[in-house]
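Residues per chain, in single letters:
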Amino acid sequence: MRILILGAGRVGESVAETLVSEANDITLIDTDPAHLRKLEERLELRGVPGNGTLPSVLRGAGADDCDLFIAATGHDATNLVACKVAHGVFGIPSTIARLRSSEFGDGELLGKEGFAVDRVICPEESVTRYIQLLIDYPGALQVVRFSQGQAHLAVVRVATDSALAGHSIAEFREQHPDLPMRIVAVYRNDAELACEADTRVQAGDEIFVLTGRESLRAALGAIGNPDRRVRRVMMAGGGRVGLRLARELVGRCSVKIFEADRKRCDYLAGELPPDMLVLAGDGADEELLHAEGVGETDLFIAMTSDDEDNILASMLAKRMGARRVIALVNRRAYAEMLQGSAIDIAISPAQAVIGELLLHVRRGAVAAVHSLRRGMAEALEGIARGDAKASHLVGRRIEQLKLPAGARVGAIVRGEGDEAHTLVPRHDTVIETGDHVIIFLPNKRLVREAEKLFEVRATFF
């Protein structure tokens, strides 16, 4: 696809890096020529310096022949105006705007007669949802949902005392024959292992599990990761993400927020209920953490605007006894470095929103996309259409599918509405028309092959 991206900040850069790796034709617009030159040297894209709301700049960037326009600057007004110009002047068929404010809604203001925004993305909202799922399922490193929440994929680190540690996948299945779940990937020391019946899992391995919504807690419990409810939460940083998350946790958890800016503290105190404690101080202050009982905290989350502060605060909280710690990390190199460290989970705001963008780039009947392992792997949900003559999927058993090498079908959601239910497929499971098929792809290079499975071939009579 020919994709035009406005804004080379953290979100825009991450989006460009992800889409470039899939052989798309990317042009990036930003007001900082020096930064664009660095990105041109590192990535296969074209940089255009200038104000992306001006028709002359958009025309010079190739807006006359563009398939998708993504406005990803940090300013809502700029993104809205740019989308309006992109669609109104150049007729770009699909536009996406990054919006921090929720006041614009999804109504007429964003429609074709308004700012012509087809899709809104909000990294802060995506991160909040990401963390909420980790609070709901504290035994997982990451949880993503498919098909209106009917199916879940969970990433789990196998504990030393886990029922899976030291056993093969086949042995684990024999121990839990009635548990509908499927292990679709096993990673050890950041390297993927063959996910076969005789694959023996060790403590410290990361496993990817697909199961239905109603079975996820049982699956995590069977693996041996205790479903211990999160009751006490500490946050270092009361920015946009911190405030969003605190509002979602009202009535669910005891929350303490550390915020260094005194004015921001006053604002937070006015926005949150009295039982949520807002403290003026540094989340990496050892004395303050000790005084507030960080050692008795179920979850410590560092989400300031500074990566180094978040890493330091999280490592300190973990050393002082916090049961689980999460750090918000924007730099990809930092996130990779923290893999397997004292920090349990490192979250990238840009990566959290990538899946929502990828859905607009994927071809065929793709219904959902989730980026995994810092963008290296992907889980894709597609809808099987047509009949046995026109479809690559319908009427065929799982063992008959011509999947890309290493790809695995992890779950099938069958039915609509209240009738929808999740199937964990066996080798002889037959795919029906309308099924939502969820495929795990260990490498993004396999995406195009997977998309072709959901294409309906033309038939002639």
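Note that the structure is a prediction, hence the values are computed from the model and not measured. In every chain, residue numbers begin from 1 and rise along the written sequence. Local features in this predicted model are restricted to residues whose pLDDT is 70 or higher, and side-chain atom pairs enter the listing and the counts only when it is 80 or higher, whereas totals over whole chains, interfaces and linings include all residues. Excluded from the side-chain calculation are hydrogens and water; included are all heavy atoms of the structure.

1. Here's the deal with the overall build of the protein
Inference 1: Looking only at helices and strands, the protein features 14 helices and 22 strands.
Inference 2: Radius of gyration here uses only the C-alpha atoms, and the compact-globule reference equals 2.2 Å multiplied by the residue count raised to the power 0.38. Taken over the C-alpha trace, the protein has a radius of gyration of 23 Å; the compact-globule value for 461 residues is 23 Å, and the two agree within 12%.
Inference 3: Considering only C-alpha atoms, the protein reaches an extent of 70 × 65 × 45 Å along its principal axes.
Inference 4: Looking at the protein as a whole, 53% of its 461 residues qualify as buried.
Inference 5: Contact criterion: two residues are considered in contact whenever any of their non-hydrogen atoms come within 4.5 Å of each other. For the protein, the share of sequence-separated contacts (at least 6 apart) that also reach a separation of at least 24 residues comes to 61%. Secondary structure is summarised from DSSP: a helix means a run of H or I of at least four residues, a strand means a run of E of at least two, and numbering begins at the N terminus for each. Only protein chains enter the accessibility calculation, which uses a 1.4 Å probe. A residue is then buried if its area is under 20% of the maximum for its type, exposed if over 50%, and partly exposed in between.

2. What about the packing of helix α5 (residues 123–136) against helix α8 (residues 240–248)?
Inference 1: Packing of α5 against α8 leaves a shortest axis separation of 9 Å and a crossing angle of 45°. One finds that α5 runs oblique with respect to α8. The hand of the α5/α8 crossing is right-handed. Residue-level contacts link Glu-124, Glu-125, Val-127, Thr-128, Ile-131, Gln-132 and Ile-135 of α5 to Arg-240, Val-241, Arg-244, Leu-245 and Glu-248 of α8. Every angle, taken between N-to-C directions, lies between 0 and 180 degrees, and every axis is a line fitted to C-alpha atoms, over only the stretch in contact when it is a helix. Note on angle classes: values under 35 degrees are labelled roughly parallel, values over 145 roughly antiparallel, values of 65 to 115 roughly perpendicular, and the remainder oblique. The hand of a helix crossing depends on one turn: near helix anticlockwise from the far one by less than a right angle means left-handed, and clockwise means right-handed.

3. What about the packing of aromatic side chains?
Inference 1: Note on ring pairs: Phe, Tyr and Trp rings are taken, using the six-membered ring of Trp, and paired if centres are within 6.5 Å. Classes follow the plane angle, with under 30 degrees stacked, over 60 edge-to-face and the rest tilted. Inspection of every chain in the model, using the stated rule, returns two aromatic pairs.
Inference 2: With a centroid separation of 5.5 Å and 55° between ring planes, the pair formed by Tyr-187 and Phe-208 is classed as tilted. Of this pair, Tyr-187 sits in strand β9 (residues 181–188) while Phe-208 sits in strand β11 (residues 206–212), and the two are 21 residues apart along the sequence. For the pair shown, Tyr-187 and Phe-208 are each scored as buried.
Inference 3: Taking 5.4 Å as the distance between ring centres and 50° as the angle between the ring planes, the aromatic pair formed by Phe-208 and Phe-440 counts as tilted.

4. Observations concerning the pairing of strand β7 (residues 142–146)
Inference 1: Burial within β7 is extensive, with four of its five residues counted as buried.
Inference 2: Pairing between two strands requires that DSSP report at least two bridges joining them. Joining the antiparallel neighbours β7 and strand β8 (residues 151–157) is a turn of four residues, in which Ser-147 adopts a positive phi near 50°.

5. Description of the sheet that holds strand β14 (residues 277–280)
Inference 1: In space, the six strands of this open sheet follow the order β14-β13-β12-β15-β16-β17, with parallel pairing throughout. Two strands in the sheet have a free side with no partner beyond their single neighbour: β14 and β17 (345–347). Direction aside, neighbouring strands of the sheet carry axes that sit 15° apart on average.
Inference 2: Pairing analysis gives five bridges linking strand β12 (residues 232–236) to strand β13 (residues 254–259), with the strands arranged parallel. Paired with Val-233 across the bridge in β13 is Val-255.
Inference 3: The strands touched by α5 within the sheet are β15 (299–302), β16 (325–328) and β17, with β17 carrying the most contacts at an inclination of about 160°.

6. Comments concerning the packing of α8 against helix α9 (residues 262–271)
Relative placement of two packed helices is described by the angle separating their axes and the distance separating the axes.
Inference 1: Packing of α8 against α9 leaves a shortest axis separation of 11 Å and a crossing angle of 20°. Our classification of the angle between α8 and α9 gives roughly parallel. Two packed elements cross with a definite hand, and for α8 against α9 that hand is right-handed. Each of Arg-240, Leu-243 and Arg-247 in α8 lies in contact with α9, whose residues at this interface are Arg-264, Tyr-267, Leu-268 and Glu-271.
Inference 2: Residue classes in the contact of α8 with α9 are distributed as three nonpolar, no polar and four charged. Residues are grouped as follows: Ala, Val, Leu, Ile, Met, Phe, Trp, Tyr, Cys and Pro are nonpolar; Asp, Glu, Lys and Arg are charged; every other residue, Gly included, is polar.

7. Topic: unusual backbone geometry
Inference 1: In this model, Ala-116 sits at a positive phi of 60°, which is unusual for a non-glycine residue.
Inference 2: Turning to its location among the elements, Ala-116 is positioned in the loop between β5 (94–98) and β6 (119–121).
Inference 3: You can call Ala-116 buried: its relative accessible area is 0%.
Inference 4: Despite not being glycine, Asn-189 shows a phi value in the positive range, around 55°.
Inference 5: Judged by relative accessible area, which is 74%, Asn-189 ranks as exposed.

8. With respect to the sheet that holds strand β3 (residues 46–49)
The strands making up a sheet associate through backbone hydrogen bonding, with each pair oriented either parallel or antiparallel.
Inference 1: Here six strands make up an open sheet; going across it, the order is β3-β2-β1-β4-β5-β6 and the pairing parallel. The outermost strands of the open sheet, each flanked by one partner alone, are β3 and β6. Going from strand to strand, the sheet's axes swing by 20° on average, the running direction of each strand aside.
Inference 2: Examined bridge by bridge, strand β2 (residues 25–30) and β3 share four bridges and lie parallel to one another. Note on β3: the bridge partner recorded for Leu-28 is Gly-47.
Inference 3: Along the sheet, helix α2 (residues 33–42) makes contact with β2 and β3, crossing β3 at roughly 175°.
Inference 4: Along the sheet face, helix α13 (residues 349–358) touches β4 (68–71), β5 and β6 and points at about 170° away from the line of β6.

9. Observations regarding the state of the cysteines
Inference 1: In this description, the term disulfide denotes a pair of cysteine sulfurs within 2.5 Å. Under the counting rule described, the total for this entry stands at zero disulfides.
Inference 2: Looking at the unpaired Cys-83, the closest cysteine sulfur is the one in Cys-66, lying at 11 Å.

10. Concerning a negative patch on the surface
Inference 1: Each patch is built from salt-bridge-free residues with over 30% relative accessible area, joining like charges within 9 Å and nonpolar side chains (Val, Leu, Ile, Met, Phe, Trp, Tyr) within 5 Å. Accessible surface area values rest on a Shrake-Rupley calculation with a 1.4 Å probe, where residue burial reflects the displayed protein chains alone. What makes a salt bridge here is a side-chain nitrogen of Lys or Arg within 4 Å of a carboxyl oxygen of Asp or Glu, nothing more. Residues scored as positive are Lys and Arg, those scored as negative are Asp and Glu, and His as well as the terminal groups of each chain are ignored. Positions of charges follow a simple convention, taking NZ of Lys, CZ of Arg, CG of Asp or CD of Glu. A cluster of like negative charges, contributed by Asp-282, Asp-285, Glu-287 and Asp-309, occupies part of the molecular surface.
Inference 2: Tracing the sequence through the fold places Asp-285 in the loop between β14 and α10 (286–291).

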